Amino acid sequence: MNSNFWTVRGYELKGYNKTNLTPALEDYLEMIYRNTLVESYIRINTLAKLLNVRDSSASKMVKKLGELGLVNYEKYGIITLTEAGKNEGEFLLNRHNIIEQFLYFIGCEDNTLLQTEMIEHYISTSTIENIEILYNFFYDNRDILERYINYREVNLEK
């Protein structure tokens, strides 16, 4: 029997997620970053609304992000990203977009956002890079893309 298998939590405890960010913290940071593309700051109530959580939950998570040096936040004030927060937020949004784009590309149109959210927290950076390379390969080689689409359609009909 192979003893290399673990639960998701087991992999987390073994340190396979090398960052200090939990999936929830990643979601908060990604949303803060998304908002900074429109405004330079965000408030707790706006963040909570965007993530469908209570203000108190958002406040606790922002405090943790502050302790990690990713955001600047004063109680009842505005939230801004530090330079490290901007860099990490940009990575998280890019990772999200690559996965979502790839899922649409391969024909997964049901619950794509949900699937993206579930995948993005447990996929390695190198896998993301390879997905992006594969997507770009198909995009740059439309003849092969058409062959793939036809192949997929035929196989889905079976």
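The residue count restarts for each chain, going from 1 along the sequence in the order it is written. Where totals are concerned, whole chains, interfaces and linings use all residues; where local detail is concerned, this predicted model gives features only for residues with pLDDT of at least 70, and gives and counts side-chain atom pairs only at 80 or more. Values shown for side chains rest on all heavy atoms present in the structure; no hydrogens or waters enter the calculation.

## Describing a negative patch on the surface
- Without a salt bridge and with relative accessible area above 30%, a residue can belong to a patch; like charges are then joined within 9 Å and nonpolar side chains (Val, Leu, Ile, Met, Phe, Trp, Tyr) within 5 Å. Residue burial considers only the protein chains on display, and all accessible areas are found by Shrake-Rupley using a 1.4 Å probe. Definition used for salt bridges: Asp or Glu carboxyl oxygen within 4 Å of a side-chain nitrogen of Lys or Arg. In this count, Lys and Arg are taken as positive residues and Asp and Glu as negative ones, while His and the chain termini are left out. The atom standing in for a charge is NZ when the residue is Lys, CZ when it is Arg, CG when it is Asp and CD when it is Glu. On the surface, Asp143, Glu146, Glu153 and Glu157 cluster together into a patch of negative charge.
- Numbering of helices and strands runs from the N terminus; a helix is a DSSP stretch of H or I covering at least four residues, while a strand is a stretch of E covering at least two. Position of aspartate 143 among the secondary structure elements: in helix α8 (residues 142-157).

## Some thoughts on unusual backbone geometry
- Of note in the backbone geometry, asparagine 52 takes a positive phi value of approximately 55° without being a glycine.
- In this structure, asparagine 52 sits in the loop between α3 (44-51) and α4 (55-67).
- One non-glycine residue, asparagine 111, lies in positive phi territory at about 55°.
- Here asparagine 111 falls in the exposed class, since its relative accessible area comes to 55%. Burial classes follow relative accessibility: with a 1.4 Å probe on protein chains only, a residue under 20% of its type's maximum area counts as buried, one over 50% as exposed, and anything between as partly exposed.

## Concerning the nonpolar core
- Within the largest apolar cluster, 21 residues are counted, with the highest numbers of intra-cluster contacts made by Leu29, Ile32, Leu47, Val62, Leu65, Val71 and Ile79.
- Elements with a contribution of two residues or more to this core: α2 (23-36), α3, α4, β3 (78-81) and α5 (83-105).
- Here the element with the most residues in this core is α2; it accounts for six residues.
- In what follows, residue pairs with any heavy atoms lying within 4.5 Å of each other are defined as contacts. Not counting the four nearest positions on each side in its chain, valine 71 is found in contact with Leu29, Ile32, Val62, Leu65, Gly66, Ile79, Thr80, Leu81 and Thr82.
- Only buried residues count toward a nonpolar core. Its members are Ala, Val, Leu, Ile, Met, Phe, Trp, Tyr and Cys residues joined through side-chain atoms within 4.5 Å. In this structure, Ile99, Phe102, Tyr135 and Leu145 belong to the second largest nonpolar core, which totals ten residues.

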